Structures are given as structure tokens and as C-alpha cells.
Amino acid sequence: MTAPLSFLGLPDRLPNGGLPRAVIFAAAHGSTYPGKNSSGYALAAGAIRAASQDDAPLLEHWDFDLGGPLFDGGPVSCIDAGDIQTILHDNPGNRGRIEAKTREVLALQAVPILLGGDCSVTIPFLAGFADQGPVWVLQIDAHIDWRDEVHGERYGYSSPMRRASEMPHVAGMVQVGLRSVGSARLADIEAAQRYGSRFVTAREIHARGVEAALQYIPEGARVVVTLDCDSIDPSIMPGVAARTPGGLTYTEVIDLIAGLGKRAEIAGFDLVELYPPADVDGLSALTAARLLVNVIGAIARQH
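Now for a quick tour of the structure. Sequence positions are assigned chain by chain, starting from 1 and proceeding in written order. This being a predicted model, a pLDDT of at least 70 is required before a residue's local features are given, and a value of 80 or more before pairs of side-chain atoms are given or counted; all residues contribute to the totals for chains, interfaces and linings. For the side-chain quantities, the full set of heavy atoms in the structure was used; hydrogens and water were omitted.

## Structural notes on the pairing of strand 1 (residues 22-27)
Under the scheme applied here, a residue whose accessible area is under 20% of the maximum for its type counts as buried, over 50% as exposed, and between as partly exposed, the area being computed with a 1.4 Å probe on protein chains only. The secondary structure listing takes helices from DSSP runs of H or I that are at least 4 residues long and strands from runs of E that are at least 2 residues long, numbered from the N terminus. Burial analysis of strand 1 places 6 of its 6 residues in the buried class, which makes it a mostly covered element. For two strands to be treated as a pair, DSSP must find at least two bridges joining them. Direction of pairing for strand 1 relative to strand 2 (residues 78-84): parallel, over a ladder of 5 bridges. Across the sheet, the residue bridging to Ala26 is Asp83, located in strand 2. Throughout, right-handed denotes a crossover for which the path from the first strand over the helix to the second runs clockwise when the strands point away from the viewer. Following the backbone out of strand 1, through helix 1 (residues 44-51) and into the adjacent parallel strand 2, one traces a crossover that is right-handed.

## Topic: the environment of Gly128
Relative to the helices and strands, Gly128 is located in the loop between helix 3 (122-127) and strand 4 (135-140). The class for Gly128 is buried, based on a relative accessible area of 2%. Each C-alpha atom, one on Gly128 and one on Val105, is 9.5 Å from the other, the two residues being 23 residues apart in sequence. Excluding residues that lie within four positions of it along the chain, Gly128 makes contacts with Glu99, Thr102, Arg103 and Leu106. Contacts between residues were defined by any pair of non-hydrogen atoms, one from each residue, lying within 4.5 Å.

## Quick word on the nonpolar core
Joining through side-chain atoms within 4.5 Å is the link that ties buried Ala, Val, Leu, Ile, Met, Phe, Trp, Tyr and Cys residues into a set, and such a set is a nonpolar core. Grouped together as the largest cluster of nonpolar side chains are 60 residues, with contacts concentrated most on Phe7, Ile113, Leu138, Val223, Leu260 and Phe269. Among the elements that line this core, the one with the most residues is helix 9 (residues 283-300), at 10 residues. With residues near it in sequence (within four places) discarded, Leu138 still touches Val174, Val176, Val223, Val224, Val225, Thr226, Leu256 and Leu260. Membership of the second largest hydrophobic core comes to 33 residues, among which are Ala27, Ala110, Leu114 and Val224.

## Thoughts on unusual backbone geometry
Here the bond from Gly116 into Gly117 is cis, since omega is 15 degrees, no more than 30 degrees from zero. Cis geometry marks the peptide bond from Gly133 to Pro134; its omega dihedral reads -5 degrees. With respect to the secondary-structure elements, Pro134 resides in the loop between helix 3 and strand 4. You will see that His89, though not glycine, has its phi angle at about 75 degrees, which is positive. Secondary-structure assignment places His89 in the loop between strand 2 and helix 2 (91-107). With a phi close to 60 degrees, Gln109 is a non-glycine residue in the positive phi region.

## Focus on helix 5 (residues 186-195)
Among the residues making up helix 5, those that are buried are Asp188, Ala191 and Ala192. Angular distribution of buried residues about the axis of helix 5 spans 95 degrees; they occupy a single face of the element. Opposite the buried face of helix 5, by more than 90 degrees, sit the exposed residues Leu186 and Arg194. In this fold, the buried residues of helix 5 make contact with helix 4 (160-165), strand 5 (170-178) and strand 6 (198-201). Directions pointing from the helix axis toward each C-beta atom define the arc.

The following block contains the structure:
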């Protein structure tokens, strides 16, 4: 029986009982809306892992995105712990399993990296930081995800930032890449602004660079990043359910990650809303894999 692929061929544990700096794990399903099917998103982690395989033999090679090898000349410090067993429409059970795994990784003093799944997995992922506060949230997304409920479900993909705003350990929020139209009504925008969330549109990033967003992150803060693949322009990331022109470029996103790593501490990261059925020639999965490489590299360079 063939072993499942891991991201970049990374091990599931370090030799000699070493503790990892970062732990990758995946969750196919979070809180799916009644009558909806999130199975397309369940293919995302496998597609990203498969797309990373060409780079698996190159971990010690020079990476021009990072300005050096992935682990900066040191030993491998990231593991891939595989998939949490989630069940479509077992919404409370899925949330409990994702939160428990996040807490387990944090107990190792490692940075959890979650591969979704749709945006709903972000809610239990953030809940897992309850004993690790205060944390800031940097959301990279085309939409603000501030609906209180949809179809009676308060923990679905339209609500993660609203739920995050209610978590006592979340100190603040910056929402980057916003553009076009989504599920937010005027009341949702006003609620986010009352909370104090900072909106940074994609056009602002195009015009002023990533500093337009980073300026709102307190220096030295611990930050959990949630990256929705629809934040990126569909010419680069076509494999999403809600394609919207005018999105961030790959370079803008990796500059945002690198800049955050220098200004603050990346305490957690999730990548969500990759929808492989809409991908074109694996381009989105490849882009997502390269983004994760940059995240791992930024974490490896944190001191």
C-alpha cells in the first residue's frame, strides 16, 4: 500500500524526538451549510501536497522567494501530520476535532498550519488559540466574512471573522485584499467597523504595496493568518468558487507574509477555499503550494 503524500515529502515526526517549529495538518470539512456539499474543498489538501512533490528533493536548494534555502541552512523543522478525520455535515464534531488538533500543536510550542476545507475551518482553528492570547488576525480575502448566520448556521464560511471578533483572545483584526461584492450587507460592514477591524482593499495594496496593511499590525504581535485563495487574482488562482478580477498577485501575498514575519510573529496559518474542481492545469494548487513554502520559510526565520 502506497503511503499518502506529504507536503514537500516532509516527515510526520522529526528524528530523535525533536520538536518541530511548524506542523501541517488538513481538515476537509468544517461547518457545511444545510443542503450544501463541501466535498470539492475536501480535495484541496491532496492537490496541494501533490503539487509540492517536484520541490521535495530541493529543500536544500536556494529559493529566490526566501533569499536562501527553505530552512535557512538548518535542519528540517516542519512536519506534516496528515489529515484530521472530518465528516460532511457533522459540524459540531468537525469543529471540536479541528480545535483539539490546533491545541495539540500549540502545546508543542509549534506553529499550526491548517489546510482546508472552506473558510468555516478557520473558526475552530482560531478558537484553538484561546489559551495563547492575545493574538491578532490577518485575514487575506476578497470578502470580510462577517455574516452572523446563513441558513441558521452561525459557524459557516460566511461567518469566521464575525465569530473571531467575539473571541476574547483576539485582540484585533486586519482584513486585506477586499474587492467587488460578496455576502456582506451594510449592517455587516458597520458591525466590522464598530469592532475596529481595518479594511485594506486589493486596490490599496496595488497602489501602496503591502505596507498599506502591515502598518496596522502592532510590532511584535502574535498573528494568526487566514488566507482565502479567492484573495488572489483568478488569472493566478482560478481554482476558487468565487472568481473575482482585480485580486492580489502572488508576489504581493508572499511580500505580505515575509513582511509580517519581520514585523511580528506568525503564530498560526491556514489556507482555505481552494476548490480543485475549478482549477486549470493544477495552477492554483501549485500557487498554493508555493505560498505554503513561503509561510514555512518565514516561520523558520523567526527568532
